[in-house]
Structure formats: C-alpha cells, structure tokens
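A look at the structure
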Amino acid sequence: MDTQLFDYTKQDAAGACSTAHAWAKVPAPLSPGERHALADRARALLKRHDAVLVAHYYVDGLLQDLALETGGIVSDSLEMARFGRDHAAQTLVVAGVRFMGETAKILSPEKRVLMPDLDATCSLDLGCPADDFAAFCDAHPDRQVVVYANTSAAVKARADWMVTSSCALEIVGDLHARGQKVLWAPDRHLGRYIQEQTGADMLMWNGACIVHDEFRGLELELLREQHPDALILVHPESPRSVVEQADVVGSTSALIKAVVEGTAQQYIVATDNGILHRMRQLAPGKTLIEAPTAGNSATCKSCAHCPWMAMNGLANLVDCLESGEPQIHVDEAVRVKAQRCITRMLDFTAARKAAASGMTPGIGAA
C-alpha cells in the first residue's frame, strides 16, 4: 500500500524552522571549577526540594551524569514517562525538550515539573499545530489517531494513541492486525518505516526532525567504505536512504543496547550525537563514529545535535531549582484528554514488557 502524506511543510509561522534563537541560548562552556561548583549546588538543591532529575540521552553529558548520581534517570522518552509517573519525588526536573516536560505533567498533575528552559522545543512539535492537526483528524474520522511523543499536549489530546520510537512498531502492528486504519503524525520518516514494516494503512502528516532529516545516504555509503567492519545504527526518524543501510534500526535505548551487547568493535551512529556520551560509558571498549549529515549545506546546520536539547545546562538547571521556575503548566481539560492516549501506551508496553524477557542494565527497555 502506498504511503499517503498530508503535506504540511511549514515548521513555524514564517514557513521555515529557524534554530537561531535556540543556538543563541545554548549555555557557554564551563571551566572545570564552574562545572564542579554548579554540580555540587544542583545536588544540594535536588535533595532540598525533594526533586529528581529526569534526563534524555541527547542532553549534555554533565546533566546525564548528574541525573544518575542523584537517583534520577537517563533514558529515552518512553522510560522518562514511566519514571516520572512512578517516582515518589514531588518535583520532577526534566532535562530535555518541552513535550517531555508536558508529558511528565500530564501523568503527574499533582507534582511540580520544572525545566531549565521552556524555549527548548522540537521541530516535530513546531511543525504540527494543534488546530490544523485537529482539522486533519476531523476529515478522517474512520482512522485511529496515533501521534509520536514529539508533539504538544494539545495534539496528544486529539489522539487515540501516543507512541515512542521504542513501541511504535508494536502498537501500529497491533492496530493493523485488528483491522484498524491509522492516521499518523508528525514524523514522515518514522511513519514510512512503520508502514513498510507493518503493512498498515497509514495516512501521514508531513513533518521531520531537523537533526535526523540531515543524515545523507551517499555520505553514509562513503563512510562505510572507510570502515567496512563497522555496524551502522540508525534511528528510524532518518531518511529511507539512511535506514536502508542500517544493521540496526531502533530507538535511542535500542541503539545503545546494540552497542553494549554487540560483538563488533566499530559502530557508525546515525542519531543525535548526545547519545555517544552514554554509549561510551556503557561500552568503553567500542569505537563510535558519527554518521555524516549534510554538513555546511544543511538547512539547519544541525551537525547531528539538536539545538533545543543543547539549551539544557548546569547553570540554568541550578537557576530553575533555586527559583522554582520555569514550571510546566498544562490546561486541565487538555491534560485529561492527553492522558488517555499516554496511559494507553504505557499499559500496552507494560503488558508486553511483562511477557518479554529481561532488560539491559543501565539502559532499561529497548
């Protein structure tokens, strides 16, 4: 079955996804003394405020280390959602991007959810405005609405299911097996990959991640010629020409698991380079090579790193813990609606997890 795309290419009101504001807010490098002092201050504030730090694999390695040292978590967005919901702390500090903070608040409305910078967002979120998406859904009432985690609370409120890259194949495959047609948003590359793997009838929104969209198949072919023994690890938000060359396609957790458990010594990694920090910690004997992007010709000059993830730093983490701001707030009516699709995902994955065997230490579910 051919993939259908709803063509919404605008990433913001100007018709393009500008990252200049994000790069301008990326914290300046810290001296060793500054890093030490700020980390000590953050540890003390987390303890004082009964707070836990929940960090994504793509944020600065200093924040990842701090999260693990203080009883928090470093994970993909699925494990972040589970962890924040189930942890006893009354303050969740989310080091990632805004939709992650919103998801934490949706699942834990009684808790205070802080983020180092609320301007840290996502091109997929920006490229899927809630009103336009609602109209798209209204035009196709016969379809199950499945949205990727990288969307606003308002978009999730319109969905039947939320998925992450670690569970999307299973959920869409299950819907397809039950004869359901799917309306998918917003990442076209991930949607295409899922459609090809499952055979599901999918009508798709036309969005893309500015980082993964910049990986290039031709450059990857040339790099593989230089490293013929390397395995290629690819996130499914990447273009088809990149995914087709992959030895492993999967979520951030799945890619880390592939490095930790793999027998190869070299790995070419096609996802945000923030993941390399945790990979190196868990597999110190392996050689990790960044997959090539379009480089200086790239529209966003992403260089395989999300500018919004890069906005998270030790200094603004300390600031938000000291001031209690900025906080994530979600309208209650929107929250209640959005919670349904997230809880449905968590219940589905919990049932599958109970039936599956094992987890990888230091990673969680892949």
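As a starting point, this report considers the structure included with it. Here the residue numbering is sequential within each chain, running from 1 through the sequence in written order. Side-chain atom pairs in this predicted model are given and counted only at pLDDT of 80 or more, local residue features only at pLDDT of at least 70, and totals for whole chains, interfaces and linings cover all residues. As a convention, hydrogens and water are excluded, and side-chain values are obtained from all of the structure's heavy atoms.

**Comments concerning helix H4 (residues 77-86)**
For clarity, the cut-off: Exposure classes here rest on a 1.4 Å probe applied to the protein chains alone. A residue is buried below 20% of its type maximum, exposed above 50%, and partly exposed in between. A helix here means a DSSP run of H or I that spans at least four residues, while a strand means a run of E at least two residues long, and both kinds are numbered starting from the N terminus.
Burial runs high along H4: 8 of the 10 residues are buried. Residues Ser 77, Leu 78, Glu 79, Met 80, Ala 81, Arg 82, Phe 83 and Gly 84 constitute the buried set of H4.

**Some details on the sheet that holds strand S13 (residues 287-290)**
Where we set the bar: For two strands to be treated as a pair, DSSP must find at least two bridges joining them. In what follows, a contact means two residues having at least one pair of non-hydrogen atoms within 4.5 Å. Here, axes are lines fitted to C-alpha atoms. For helices the fit covers the stretch in contact, and angles between N-to-C directions go from 0 to 180 degrees.
On the basis of which strands lie adjacent, the open sheet formed by 4 strands has the order S11-S10-S12-S13 and parallel pairing. Of all strands in the sheet, those with a lone pairing partner are strand S11 (248-249) and S13, marking the two edges. This element, helix H14 (residues 275-282), spans strand S10 (231-234), strand S12 (266-270) and S13 of the sheet and lies at about 170° to S13.

**So, the nonpolar core**
We apply this condition: Remark: nonpolar core denotes a set of buried residues (Ala, Val, Leu, Ile, Met, Phe, Trp, Tyr, Cys) joined through side-chain atoms within 4.5 Å.
Grouped together as the largest cluster of nonpolar side chains are 104 residues, with contacts concentrated most on Val 93, Phe 133, Trp 184, Ile 275, Met 279, Leu 317 and Leu 321. Looking at this core, the element that brings in the most residues is helix H16 (residues 332-355), giving 6 residues. Once residues within four sequence positions are removed from consideration, Met 279 is found in contact with Leu 233, Leu 255, Ile 256, Val 259, Val 269 and Leu 288. Counting 14 residues, the second-largest nonpolar core is a separate cluster that includes Phe 215, Ile 232, Val 234 and Val 243.

**Concerning the pattern of salt bridges**
Our working rule: For this analysis, a salt bridge means a side-chain nitrogen from Lys or Arg found within 4 Å of a carboxyl oxygen belonging to Asp or Glu.
Within this structure, the stated rule accounts for 21 salt bridges. In this structure, Glu 69 engages Arg 43 in a salt bridge whose closest nitrogen and oxygen atoms are separated by 2.8 Å. Here Glu 69, found in helix H3 (residues 61-69), pairs with Arg 43, found in helix H2 (residues 32-48); they are 26 residues apart in sequence, far enough to count as distant. What makes Arg 43 partly exposed here is its relative accessible area of 32%. Residue Glu 79 is joined to Arg 82 by a salt bridge in which the shortest nitrogen-to-oxygen separation is 2.3 Å. Residue Glu 79 and its partner Arg 82 are located together in helix H4, separated by 3 residues, close to a single helical turn. The exposure class of Arg 82 is buried, given its relative accessible area of 9%. One salt-bridge network, in which partners are shared between bridges, spans Glu 170, Asp 174, Arg 178 and Arg 352.

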